[in-house]
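Observations on the three-dimensional arrangement
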There are 2 protein chains.
Amino acid sequence: MKEKAMVLFSGGIDSTTCLALAIERHGKEQVIPLSITYGQKHEKEIEAAAKILTYYGLNGKQLDLTPVFAESSCSLLSHSQQEIPKESYASQLENRPDGLVSTYVPFRNGLFLASAASMALSMGCSCIYYGAHQDDAAGSAYPDCSRAFFDSMNLAVTLGSGKTLRLEAPFINSSKADVVKEGLRLRVPYELTWSCYEGGQFPCGRCGTCIDRQNAFEANHVKDPALL
Amino acid sequence: MKEKAMVLFSGGIDSTTCLALAIERHGKEQVIPLSITYGQKHEKEIEAAAKILTYYGLNGKQLDLTPVFAESSCSLLSHSQQEIPKESYASQLENRPDGLVSTYVPFRNGLFLASAASMALSMGCSCIYYGAHQDDAAGSAYPDCSRAFFDSMNLAVTLGSGKTLRLEAPFINSSKADVVKEGLRLRVPYELTWSCYEGGQFPCGRCGTCIDRQNAFEANHVKDPALL
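Just so it is clear, the structure is predicted and the values come from calculations on it, not from any experiment. (Residues numbered from 1 in each chain as written. Chains lettered and ligands numbered in written order. Predicted model: local features only at pLDDT ≥ 70, side-chain atom pairs only at ≥ 80, totals over all residues. Heavy atoms only, no water.)

Concerning the packing of helix α1 (residues 13-26) of chain A against helix α2 (residues 44-56) of chain A
Residue and element names in this part refer to chain A. Orientation of α1 relative to α2, taken along the N-to-C sense of each, is 20 degrees, at an axis distance of 12 Å. The angle between α1 and α2 places the two elements in the roughly parallel class. You can see that α1 and α2 cross each other, and the crossing is right-handed. Residues Thr16, Leu19, Ala20 and Ile23 of α1 form the contact with α2, whose participating residues are Ile52, Leu53 and Tyr56. In terms of residue class, the contact of α1 with α2 is made up of six nonpolar, one polar and no charged. (Axes fitted to C-alpha atoms, helices over the stretch in contact; angles between N-to-C directions. Helix = DSSP H or I, 4+ residues; strand = E, 2+ residues; numbered from the N terminus. Parallel < 35°, antiparallel > 145°, perpendicular 65-115°, else oblique. Left-handed = near helix turned anticlockwise from the far one by under 90°. Contact = heavy atoms within 4.5 Å. Nonpolar A, V, L, I, M, F, W, Y, C, P; charged D, E, K, R; others polar.)

Details of the interface of chain A and chain B
Between chain A and chain B, the residue contacts involve 36 residues of the former and 36 residues of the latter. Of the roughly 2,700 Å² buried between chain A and chain B on both sides combined, carbon and sulfur atoms contribute 71%. If you sort the residues of chain A by the area they bury against chain B, Val68, Glu71 and Phe107 of chain A come out on top, with a joint share of 21%. On inspection of chain A and its partner chain B, the count reaches two salt bridges. The partner of Lys61 of chain A in a salt bridge is Glu71 of chain B, and the shortest N-O contact between them spans 2.4 Å. The tally of links between chain A and chain B comes to eight residue pairs in polar contact (both at pLDDT 80 or more). Residue assignment for the side of chain A that touches chain B shows that the elements contributing at least two residues are β3 (61-64), α4 (108-122) and α6 (147-160) of chain A. (Buried area = accessible area lost by both parts, 1.4 Å probe. Salt bridge = Lys/Arg side-chain N within 4 Å of Asp/Glu carboxyl O. Polar contact = N/O pair within 3.5 Å; in protein donor to acceptor, adjacent residues only side chain to side chain.)

A closer look at the nonpolar core
Grouped together as the largest cluster of nonpolar side chains are 99 residues, with contacts concentrated most on Met6, Ile128 and Met153 of chain A together with Met6 and Ile128 of chain B. Mapped by element, the contributors of at least two residues to this core are β1 (5-8), β2 (31-37), α4 and α6 of chain A together with β1 (5-8), β2 (31-37), α4 (108-122) and α6 (147-160) of chain B. A per-element tally of this core places α4 of chain B first, with nine residues. Not counting the four nearest positions on each side in its chain, Met6 of chain B is found in contact with Ile32, Leu34, Ala116, Met119, Ala120, Met123, Cys125, Cys127, Ile128 and Tyr129 of chain B. (Core = buried A, V, L, I, M, F, W, Y, C linked by side-chain atoms within 4.5 Å. Buried < 20%, exposed > 50% of the residue type's maximum accessible area, 1.4 Å probe, protein only.)

So, the pattern of salt bridges
Pairs can form between side chains of opposite charge once their charged atoms are near each other. All names here are of chain B. Overall, the coordinates contain 16 salt bridges over all chains when judged by the stated rule. Put simply, Arg185 and Glu182 hold a salt bridge, and the shortest N to O gap is 3.1 Å. On the criterion of helical spacing, the pair formed by Arg185 and Glu182 is a turn pair, its members being three residues apart in helix α7 (residues 176-185). Among the residues examined, Arg185 registers a relative accessible area of 46% and is labelled partly exposed. A relative accessible area of 22% means that Glu182 is categorised as partly exposed. Residue Asp224 is joined to Arg213 by a salt bridge in which the shortest nitrogen-to-oxygen separation is 2.5 Å.

Below you can see the structure in the form of structure tokens.
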């Protein structure tokens, strides 16, 4: 009997590839995708996540953590007055003395992993998959995507659960291009995923995550199927 | 200007002492108590917390994380069919092969600290106080109260926040008797606190936390003012 695994799943490229990998390793019946809403500006990610779960024939769990971010000024949140920057993370960071971009949601990944830990323990899972990769941590734009953060959070989850649960971040040493390469091997339905921070009919092509996505497909000499 | 501090505050002995210490160190104006509900069986803790905040003249923040524990079988939760054990933690542990007591709420403290981290960062706090002490971790009844868990979680919060936030657990090397000793020095209004796992008019005197509380006051040669 394979272990039960929970997968943090947003409907973007990284977590969908992570989901496909968890399905390959654990078998579909042993995988529980968890999608967390937190007051994002748009619903496109949620719609994408639903289509991908249908594609894989899975029922996911949903959790709404919007109240936690009621006081946050992060530009990704629906109550924020800040505009989402239209430039690469590198150029955003040049103008940020605190080393954090305005799309940093305060300790989001720590909160997501802790919530997933509580739910995973309640549902008999012994591991949680999480699609962080090294490009997200680059230049510390998102400190909660770094390898060092992951290691400490994994230790906290392991110790805090009496060693009954661990975290798995299979791409923590990979670039986003490597994630897409692995996803192409796993035949991930990338045409269903959504990355853009804006909620338009089509991806804007100009925000930090759109730029990263295009580069990751180009590095694999593949056209992004979401743009076909 | 002193740092702003968030305090995880439940209305029990440990977190009320922690609150009093944070007020002494940071000044009342710089302290934000955070009370988290998670589907507990009774409201006595919440009522106690409200009375204590009135005593100190503070407005607290509230957060409801009940949905996270929807699938948990922990005996403290209102939807659980399990009875809350009427014995000390030590004798409970003798009959638990997994080393966890039925009142262990899965990864609760990790979730509370992660939620507090997201809120503290949004509100300009640079530290979070948390009243864990070594007796709670004894025999690993509550692995998420141990020193090792705290150290890893503190590192995760520090790294995941880009080094803008840290955790403070002033009692992590203290016994519960030491906590009460410190609280007596700080003139904590212990008559307003609530510890019992049951929601009766008076503390049951027989559950794990009632037994611990009585012992802590006895060690200080003081009668528990909640029983006067």
